[in-house]
Amino acid sequence: MGSVDLAPQELRTLVAVAEEGGFSAAAARLGTTQSAVSHAVRGIERKLGAVLFDRGRHGARPTPAGQRAAAHARRVLRMLDALVAEVRGGGAAVPAGPLRVAAFRSAALHLLPPALERLAARHPGIEPTVTIVREIGPGTAGEVAEGRADIGIATLGTSAPVPPGLVTGVLLQEPYSLVHPAGHPDPRSLPLVDWTENCSSYTRAWWAAQDWLPPATVRAEDDGAVLSMVGSGLGMAVMPALSLTAPPPTVAVTALGPGRPTRQVGYVTTPELAATAAVRALIRELRAGQSGVTQSTVSDSRKSE
């Protein structure tokens, strides 16, 4: 098949139908008619030689080909926006325009804010938005691959690999520590509290080798809920340093020694967006703050050593 010429408006239509789940809702979003959207989708399918949506009483659901097409369409549209921002901003000299960041909870709470503060001071023309995404399944890297985020703050090297074709970089290596109720006479006798996102960690081999560590009997929604449960005396937990940046006074943090597990935290972006001024600027600020984060969180982990 030769080259396929899709106009930006066709890409916007494709994305709108995929996200809205139907032609009429997509038409309302685009400010056009349902018949115009339906006609446009048929034209796109004809050009691509694939059925992109399953039509039915419940609307239009993307086929696997439609999901791939929508992801590529989002990324192409984002690059068109980046082209305008880069040209108007004079290239790398004045980064400007929107910057969509996806981050898991503890990164959004503790890693991103100082980096975004420095970014705003140096480049006020950049307009960041942050979406908190659970690191389960595709996680933040999936948001980037699907074209919904320009850069993701992700846990690297876990059981959920980064989709192929993306650019990654390690920002910090955070140690895990034992967290338990402050002043408890025998914290290792307590039940283990865990949360779903922690279960994808590659520290599971270490966990399995610890005779003193029981199976998790208490499940929490996220790391914040784990800290609350531990602080209330309901159990102990093994948690990474970012989650322990500002533990409540009812919690004690004990280092797990030289054999402790660690977790890599890094960024994920696309090759195209990695070359844009706004993404490069945020990566610079994230790297500038990584040594301070690592030092402070490691010292937190050693508080009760």
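Residues numbered from 1 in each chain as written. Predicted model: local features only at pLDDT ≥ 70, side-chain atom pairs only at ≥ 80, totals over all residues. Heavy atoms only, no water.

1. Structural notes on helix α5 (residues 105-122)
In an α-helix there are 3.6 residues to a turn, and that puts residues three or four apart on one side.
So, step 1. Taking 1.5 Å of rise per residue, the 18 residues of α5 would be expected to cover 26 Å, and the 25 Å separating its terminal C-alpha atoms lies within 8% of that figure.
So, step 2. If you look at α5, its biggest bend is around 50 degrees, right at Leu112, and the proline Pro113 turns up within four residues after that.
So, step 3. Residues Ser106, Ala107, Ala108, Leu111, Leu112, Ala115, Leu116 and Leu119 constitute the buried set of α5. (Helix = DSSP H or I, 4+ residues; strand = E, 2+ residues; numbered from the N terminus. Expected span 1.5 Å × (residues − 1). Bend = angle between axes of the 7 residues up to and from the residue. Buried < 20%, exposed > 50% of the residue type's maximum accessible area, 1.4 Å probe, protein only.)

2. Structural notes on the pattern of salt bridges
So, step 1. Scanning the model with the defined rule gives 17 salt bridges in all.
So, step 2. The partner of Arg219 in a salt bridge is Asp194, with the nearest N and O atoms 3.7 Å apart. Pair noted here: Arg219 is in strand β8 (residues 216-220) and Asp194 is in strand β7 (residues 192-195), with a separation of 25 residues, a long-range link.
So, step 3. Where salt bridges share partners, they join Glu19, Glu20, Arg29, Arg74 and Glu146 into one cluster. (Salt bridge = Lys/Arg side-chain N within 4 Å of Asp/Glu carboxyl O.)

3. With respect to the pairing of strand β4 (residues 126-132)
So, step 1. As paired elements, strand β3 (residues 97-103) and β4 share 7 bridges and run parallel to each other. Its bridge partner lying in β4, Gly97 is registered against Ile126.
So, step 2. Each parallel crossover has a hand, and the one from β3 via α5 to β4 is right-handed. (Pairing = 2+ DSSP bridges. Right-handed = clockwise from strand over helix to strand, strands pointing away.)

4. Topic: the nonpolar core
So, step 1. In this structure, Leu99, Leu111, Ile151, Ile153, Leu282 and Leu286 are the most contacted members of the largest nonpolar core, which totals 26 residues.
So, step 2. For this core, the secondary structure elements donating two or more residues are β3, α5, β5 (151-156), β6 (167-181), β11 (262-269) and α10 (277-301).
So, step 3. If near-sequence neighbours (up to four positions away) are discounted, Leu282 is found in contact with Leu99, Val101, Ala115, Leu116, Leu119 and Ile151. (Core = buried A, V, L, I, M, F, W, Y, C linked by side-chain atoms within 4.5 Å. Contact = heavy atoms within 4.5 Å.)

5. Concerning the environment of Ala255
So, step 1. Among the secondary structure elements, Ala255 is positioned in strand β10 (residues 251-255).
So, step 2. In this structure, the C-alpha to C-alpha distance between Ala255 and Val238, residues 17 residues apart in sequence, is 10.0 Å.

6. Remarks on helix α2 (residues 23-30)
So, step 1. Among the residues of α2, those classed as buried are Phe23, Ala26 and Ala27. Along α2, the residues classed as buried sweep out an arc of 105 degrees about the axis, all on the same side.
So, step 2. Residues of α2 that are buried in the fold lie against α1 (8-20), α3 (34-48), β1 (53-56) and β2 (59-62).
So, step 3. Looking one or two places after α2, you find Gly31, whose phi comes out positive at around 70 degrees. (Arc of directions from axis to C-beta.)

Scope: geometric values only; no functional claims are made or implied.
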